[in-house]
Amino acid sequence: MRSVILCILLFFVFIYLLCFPQEAFQSSASGVTLWFFHVLPSLLPFMIFSDFFIHTGLVSVLLRKIKTVFRFLFGLSMYGSYALLLGLICGYPMGAKLTADLFREGKITKSEAQYLLTFCNNPGPVFISSYILTDTLHLSHASGYTFFILYLSLYLTSLIFRLILRPDCRDVTVPSDSPSAQTLRHSLSHMVDASIMHAFESVTKLGGYIILFSILASLMVHLTAPVPVLSLFLTGFTEMTTGIALVGASSMHLPLRYLLSLTFASFGGLSCIAQTRGMLCGTPLSIRTYIAGKTVHGICTLLVGWLLLFIQTFQ
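Residues numbered from 1 in each chain as written. Predicted model: local features only at pLDDT ≥ 70, side-chain atom pairs only at ≥ 80, totals over all residues. Heavy atoms only, no water.

### Regarding empty space enclosed by the protein
This model, assessed by the stated rule, comprises 1 cavity of 30 Å³ or more. The calculated volume of the largest cavity comes to roughly 40 Å³. Asn-122, Pro-123, Leu-150, Tyr-151, Leu-154, Ser-266 and His-297 together form the lining of the largest cavity. The greatest single-element share of the lining of the largest cavity, amounting to 3 residues, is contributed by helix α9 (residues 143–165). (1 Å grid on protein atoms, 1.4 Å probe; cavity = no way out; pocket = protein on both sides within 12 Å on 5 of 7 lines; lining within 4 Å. Points joined across faces, edges and corners; volume = space filled by probe spheres on them. Helix = DSSP H or I, 4+ residues; strand = E, 2+ residues; numbered from the N terminus.)

### Looking at the confidence of the model for the protein
In low-pLDDT segments, the atomic positions of the prediction should not be examined closely. Predicted confidence across the protein gives a mean pLDDT of 87, with 93% of residues reaching 70 or more. At the low end of the mean pLDDT range in the protein sits helix α10 (residues 179–185), at 50; at the high end sits helix α7 (residues 110–117), at 96. (pLDDT = per-residue confidence, 0-100.)

### With respect to a nonpolar patch on the surface
A cluster of nonpolar residues, Val-4, Ile-8, Phe-11, Phe-12, Phe-14, Ile-15, Leu-17 and Leu-18, forms a patch on the protein surface that exposes about 750 Å² of accessible area. Mapped onto the fold, Phe-14 is located in helix α1 (residues 2–19). (Patch = residues over 30% accessible without salt bridge, like charges linked within 9 Å, V, L, I, M, F, W, Y side chains within 5 Å. Areas by Shrake-Rupley, 256 points an atom, 1.4 Å probe, with all protein chains shown as cover. Salt bridge = Lys/Arg side-chain N within 4 Å of Asp/Glu carboxyl O.)

### Points about the nonpolar core
Counting residues in hydrophobic clusters, the biggest one holds 72 residues, and the most contacted among them are Phe-74, Leu-84, Leu-116, Phe-119 and Tyr-258. Looking at this core element by element, the count peaks at 9 residues for helix α2 (residues 21–56). Aside from chain neighbours lying at most four places away, what touches Phe-74 is Leu-84, Tyr-115, Phe-119, Leu-154, Tyr-155, Ser-158 and Arg-162. Counting 8 residues, the second-largest nonpolar core is a separate cluster that includes Tyr-16, Ala-24, Ile-215 and Leu-219. (Core = buried A, V, L, I, M, F, W, Y, C linked by side-chain atoms within 4.5 Å. Buried < 20%, exposed > 50% of the residue type's maximum accessible area, 1.4 Å probe, protein only. Contact = heavy atoms within 4.5 Å.)

### Things to note about the environment of Pro-45
Here Pro-45 lies in helix α2. Along the chain, Pro-45 and Met-197 lie 152 residues apart, while their C-alpha atoms are 12 Å from each other.

### As for the side chain of Glu-239
For Glu-239, the location among the structural elements is in the loop between α12 (228–236) and α13 (240–249). Lys-294 provides the closest opposite charge to the buried, salt-bridge-free Glu-239, at an N-O distance of 14 Å. At a separation of 2.8 Å, a polar atom in the side chain of Glu-239 contacts the side chain of Thr-242. Leave out the neighbours within four places in its chain, and Glu-239 touches Leu-34, Phe-213, Ser-214, Ala-217 and Ser-271. (Lys, Arg positive; Asp, Glu negative; His and termini not counted. Polar contact = N/O pair within 3.5 Å; in protein donor to acceptor, adjacent residues only side chain to side chain.)

### Considering the packing of α13 against helix α14 (residues 254–267)
Two elements in contact, α13 and α14, have axes whose closest approach is 9 Å; the angle formed by their N-to-C orientations is 180°. Our classification of the angle between α13 and α14 gives roughly antiparallel. From α13, Met-240, Gly-243, Ile-244, Val-247 and Gly-248 reach across to α14, where they touch Arg-257, Leu-260, Ser-261, Phe-264 and Ala-265. Of the residues assigned to the contact of α13 with α14, the class counts are 6 nonpolar, 3 polar and 1 charged. (Axes fitted to C-alpha atoms, helices over the stretch in contact; angles between N-to-C directions. Parallel < 35°, antiparallel > 145°, perpendicular 65-115°, else oblique. Nonpolar A, V, L, I, M, F, W, Y, C, P; charged D, E, K, R; others polar.)

### Observations concerning the environment of Ala-217
Structurally, Ala-217 is set in helix α11 (residues 188–223). Here Ala-217 is in contact with Thr-235, Thr-238, Glu-239 and Thr-242, once residues within four sequence places are set aside.

### Some remarks on the packing of α11 against helix α15 (residues 269–279)
Following both chains from N to C, one finds α11 and α15 inclined at 150°, their axes separated by 10 Å at the closest point. With respect to each other, α11 and α15 are oriented roughly antiparallel. Here α11 runs over α15; the crossing is right-handed. In contact with Ser-202, Lys-205, Leu-206, Tyr-209, Ile-210 and Phe-213 of α11, α15 contributes Leu-270, Ser-271, Ala-274, Gln-275, Gly-278 and Met-279. Here the residues of the contact of α11 with α15 sort into 7 nonpolar, 4 polar and 1 charged. (Left-handed = near helix turned anticlockwise from the far one by under 90°.)

### Focus: unusual backbone geometry
Note that the residue after Tyr-92, namely Pro-93, is joined by a cis bond; omega there is -15°. You can see Pro-93 is positioned in the loop between α5 (78–90) and α6 (94–104).

### Quick look at α15
Taken across its 11 residues, α15 has 9 buried, putting it largely inside the fold. What α15 keeps buried is the set Gly-269, Ser-271, Cys-272, Ile-273, Ala-274, Gln-275, Thr-276, Gly-278 and Met-279.

Spelled out as structure tokens, the structure:
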């Protein structure tokens, strides 16, 4: 069924490329710009270093001081905490990539990996503060309030799925050599080369998804132009960056634009779902669990944001 839907979407994108080449070119160029100037420089270094840290065992050194906090709040193992931490810092789809990598390496259990997928993928703080608040909504003074809404919603999502999934988040003991022994067996340069190639493969695949869904979002705008509200919602749930830009340019009241922008960012859109599916290739991890988690996160963001705005109104 998923293959049929994907083929239909690709067919419509192909027809759009043939019938409206100028609009398709502009949306494709927009996707390339987003990937090259924002995603590539912000994600690639973290991807290289995170892959290197995982294979050398340096994660345990980095998280020695804070792993207890993640265990208390989220019930995560040490390596699960690492996936969540970088997912929060780096943004989509770093959390999903690390979860898949750690599961492949045997560092976390399958049940913990499925649990992590429900809340480890998030918009990065730079994207939130720069693109959403400053460039789009012109609310740079509301960053603290915004992060409180997003992270409280994330924590509520984790609690919901922790109760539902009851994951096994023990620290897995992998029968392997110490980091120093591994370094002796595999040269440091070889490990760095492997980390760079793995990171470039992942970030290039990510760029392809961004370009494809930028064109699809442009198609959505073109098809639903007579109904602006429908265009806004369909575009936001297809590709969040384009959707948030449409929300910011709309004539809706500022509180509604604010809530919709945060909801789109929490959900991530079909583009982030496709990116995550690409990161999970070769693993038995279910994309349905990820979709369920992002849906709940989006709903929690909308409800928490609305509640806080409602309380603030009557103060």
